Amino acid sequence: LLASLMASGLRAQEPALRDTFLQAKSLWATQGDREGASAKFEQVLGALEPKGKVLEGEWLQMLCETYNWMAVLDDRNPARKARVPKELEALLSLNPDFDLDRAITNARLQGIFDTLRSGRVARLKLALDPEGGTLTVDGKPRPQGAPLRFLAPGAHRITYSKPGFQSVEQQVELVLKEAKNLEFKLVRVSSTVTLARSREPKRAR
């Protein structure tokens, strides 16, 4: 119920929120207006941050990108620089697989983020055969095409499935600073064949 209420609240403000987000990016990227961009991004955070744990898809991506932009902008402001680690940690909590935008994020901030990530989540290396299936982690399906490279340390149940193939499930124990290699090779169990019925032309009487 909470998730549906939050989702309905987002739908009501979708156009305005998207516009604010795009305006914030433009103010900094094209006009160099750091203060104006920060104010706009703060509006986006105010709308999305309280709903962070239930966001998915476009809205989750928008919140992650906003944290990325805020960290870059605050890093250039001595009065707000202390907020940067918290913003990167919030981003990491939302999506450990998020890649910082290297076009706007300097190498030092990238290093801080990578250090935070290596100290909080374990690395995965997946081999999927065939590709294009669905990964489910601890009972929760991941969005199609979303990478899975990091998870919290501990026990996890990972399932890989694809129509026409037998699903494969693995129980894994992840440890910090140890990369885990997992291979999911599916075996085909059925195939779909489409038959076209041909019609003989009617004979003239």
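Anything mentioned here points back to the structure above.
Residues numbered from 1 in each chain as written. Predicted model: local features only at pLDDT ≥ 70, side-chain atom pairs only at ≥ 80, totals over all residues. Heavy atoms only, no water.

Asks: So what's going on with the nonpolar core? Which residues, and what values?
Replies: One finds Leu17, Phe41, Leu48, Met62, Leu63, Leu88 and Leu91 to be the most contacted residues of the largest nonpolar core, which totals 34 residues. Where this core is concerned, the elements lending two or more residues are helix H1 (2-29), helix H2 (34-48), helix H3 (57-75), helix H4 (84-94) and helix H5 (107-118). With 11 residues, the top contributor of residues to this core is H3. Grouped together as the second largest cluster of nonpolar side chains are 14 residues, Leu124, Phe165, Leu174 and Leu182 included. (Core = buried A, V, L, I, M, F, W, Y, C linked by side-chain atoms within 4.5 Å. Buried < 20%, exposed > 50% of the residue type's maximum accessible area, 1.4 Å probe, protein only. Helix = DSSP H or I, 4+ residues; strand = E, 2+ residues; numbered from the N terminus.)

Asks: Any details on the sheet that holds strand E7 (residues 168-174)? Residues and values, ideally.
Replies: What holds strands together in a sheet is hydrogen bonding between their backbones, with the strands either parallel or antiparallel. Taken in spatial order, the 4 strands of this open sheet run E3-E2-E5-E7, and their pairing is antiparallel. Looking at the sheet topology across the chains shown, the edges are occupied by strand E3 (140-141) and E7. Bridging between strand E2 (residues 134-137) and strand E5 (residues 154-161) involves 4 bridges; their strand directions are antiparallel. Directly across from threonine 136, in E5, lies its bridge partner threonine 159. (Pairing = 2+ DSSP bridges.)

Asks: Give me the lowdown on H2, citing residues and values where you can.
Replies: In this model, H2 (15 residues) spans 21 Å end to end at C-alpha, consistent with the 21 Å of a helix rising 1.5 Å per residue. Burial in H2 covers these residues: Gly36, Ala37, Ser38, Phe41, Val44, Leu45, Ala47 and Leu48. The N-capping residue of H2, defined by a side-chain oxygen 3.5 Å from the backbone nitrogen of glutamate 35, is aspartate 33. (Expected span 1.5 Å × (residues − 1). Polar contact = N/O pair within 3.5 Å; in protein donor to acceptor, adjacent residues only side chain to side chain.)

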